[in-house]
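Coordinate inspection notes
The chain contents come next:
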Amino acid sequence: MLLTVSHTTRYVFADPVAHGLQRLRLKPKTTHGQEVLDWHMELTGARGEAGYDDHHQNHTALVSIEPGAREVVVTCRGNVRTSDNNGITGAHGGHMPLWCFLRPTALTQAGNRVRALIASVDADRSDTLGFLHALSSAVAAQVEYVPGATDAKTTAEQALAAGKGVCQDHAHAFISAGRLLDIPMRYVGGYLRMNDRVDQEAGHGWAEAHVPGLGWVGFDVSNAISPDERYIRVASGSDYAEAAPITGIATGAGETRLDVHLSVSENLLGQRQTQSASGGQQQ
């Protein structure tokens, strides 16, 4: 599937910014199940200072906010060809050893709610993959999907206590439970082409578990499936905080308003052109 993404993030500041830095994780990589054909990022009110791959191998851009700016706009556009690998991204690689993905974080620290969640799952724990699917269903049953019910600082325990949240909360509860059972887990942020709309309010988040014999396997708790060709992986980390698309600081900015415009669509014209070109080469 050929997917086209247009993603604009706008920060509007009440006062002129004296100094500001932002870390952007907005550029996907070519990896298992996806090929980045082109990707462009435009900045208004800020300028690029450095680009690097972080400790989770995420493409990262460090940008500075122009002094006196009242607005910063980050626009990303690109095309990514994807395939369905049944959610499997494969063997572990990179600088972080697997045991690092067993460590609890502030957002995934397990408490009584997570322990009760695990106890509620009636499945064979020796069948890791089967148990994880059952765990995913249990999280979805206990945390109703309610946009706006939580924020980026909500923990897995808090979401389970409230009984509502969004994809980030589903992933954190799932990750917290998995780590408590000594299964390496990580958070993934990216894009999802939805079946009923092109324009969306935000990007998407899900989890990956390291399963013996398969490597990293994705679980989208909110949609009760493993990621398929409709998904684009952009960044991963121990939790949302390490995979967040934009983080940073701005001094002197005052109250800040955030607006996000995102569209993810299937590029049928480009797909047909690619297929036509491939057919021509074979003749």
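Refer to the structure presented above.
Only a predicted model underlies this, so the values are computations on that prediction, with no experimental measurement involved. (Residues numbered from 1 in each chain as written. Predicted model: local features only at pLDDT ≥ 70, side-chain atom pairs only at ≥ 80, totals over all residues. Heavy atoms only, no water.)

1. A closer look at the overall build of the chain
The helix and strand inventory of the chain stands at 6 helices and 16 strands. Here the C-alpha atoms of the chain give a radius of gyration of 20 Å, agreeing with the 19 Å that 2.2 N^0.38 yields for 283 residues. Oriented by its inertia axes, the alpha-carbon framework of the chain measures out at about 60 × 55 × 40 Å. When the 283 residues of the chain are sorted by exposure, 47% land in the buried category. Counting contacts in the chain only where the partners sit at least 6 residues apart, residues at least 24 apart contribute 75% of the total. (Helix = DSSP H or I, 4+ residues; strand = E, 2+ residues; numbered from the N terminus. Rg over C-alpha atoms; globule rule 2.2 N^0.38 Å. Buried < 20%, exposed > 50% of the residue type's maximum accessible area, 1.4 Å probe, protein only. Contact = heavy atoms within 4.5 Å.)

2. Some words on the sheet that holds strand β14 (residues 231–237)
Strands sit in the order β7-β13-β12-β10-β14 across an open sheet of 5 strands; the sheet is antiparallel. Edge strands, defined here as strands with exactly one partner in the open sheet, are β7 (88–90) and β14. Averaged over neighbouring strand pairs, the angle between their axes works out to 35° when direction is ignored. Bridge analysis of β7 against strand β13 (residues 215–219) gives 2 bridges, and the strand direction is antiparallel. Across the sheet, the residue bridging to I88 is V217, located in β13. Packing of helix α4 (residues 167–180) onto the sheet brings it into contact with β10 (185–192), β12 (204–211) and β13, and relative to β10 it is tilted by some 160°. (Pairing = 2+ DSSP bridges. Axes fitted to C-alpha atoms, helices over the stretch in contact; angles between N-to-C directions.)

3. Comments concerning unusual backbone geometry
Not every positive phi belongs to a glycine, and Q57 is a case in point at roughly 65°. Tracing the backbone shows Q57 in the loop between β4 (46–53) and β5 (59–65). A residue is classified by how much of its surface remains accessible, and Q57, at 37% relative accessible area, is partly exposed. Positive phi is not limited to glycine here, since N86 has a value of about 55°. Tracing the backbone through its elements, the reader meets N86 in the loop between β6 (71–82) and β7.

4. Quick notes on the side chain of R25
Following the sequence through the fold, R25 ends up in the loop between β2 (19–24) and β3 (34–44). Its relative accessible area of 8% is what places R25 among the buried residues. At 3.4 Å, the side chain of R25 and the side chain of D54 are in polar contact. A distance of 3.4 Å separates the side chain of R25 from the backbone oxygen of E242, its partner in a polar contact. Every residue in contact with R25, bar those within four places of it in the chain, is listed here: D54, N58, H59, T60, V234, A235, A241, E242, A243, A244, P245 and T247. (Polar contact = N/O pair within 3.5 Å; in protein donor to acceptor, adjacent residues only side chain to side chain.)

5. With respect to α4
Under the 1.5 Å per step criterion, the end-to-end length of α4 is 20 Å for 14 residues, consistent within 8% with the ideal 20 Å. Across the 14 residues that make up α4, a large majority, 13, are buried. D182 sits one or two residues past α4 and shows a positive phi near 65°. (Expected span 1.5 Å × (residues − 1).)

6. Remarks on the packing of aromatic side chains
Under the defined criterion, the tally for this structure stands at 5 aromatic pairs. Relative to W216, the ring of F101 lies with its centre 5.3 Å away and its plane at 80°, an arrangement referred to as edge-to-face. Remark: W216 occurs in strand β13 and F101 occurs in the loop between β7 and α1 (112–119); sequence separation between them is 115 residues. Look at F101 and you get buried, because its relative accessible area is 1%. (Phe/Tyr/Trp six-rings, centres within 6.5 Å; stacked < 30°, edge-to-face > 60°.)

7. Section: the nonpolar core
Core analysis: the biggest nonpolar cluster contains 54 residues, and L132, L135, F174 and Y191 have the highest contact counts within it. Leaving out residues up to four positions away in the same chain, L135 has contacts with L117, V121, F174, A177 and G178. (Core = buried A, V, L, I, M, F, W, Y, C linked by side-chain atoms within 4.5 Å.)

8. Overview of the packing of helix α2 (residues 128–142) against α4
At a minimum axis separation of 10 Å, α2 and α4 run at an interaxial angle of 135°. The angle between α2 and α4 falls in the class oblique. Viewed along their axes, α2 and α4 form a crossing whose handedness is right-handed. Residues L132, L135, S136, V139 and A140 of α2 form the contact with α4, whose own contacting residues are H170, A173, F174, A177 and G178. Tallied by class, residues from the contact of α2 with α4 come to 7 nonpolar, 3 polar and no charged. (Parallel < 35°, antiparallel > 145°, perpendicular 65-115°, else oblique. Left-handed = near helix turned anticlockwise from the far one by under 90°. Nonpolar A, V, L, I, M, F, W, Y, C, P; charged D, E, K, R; others polar.)

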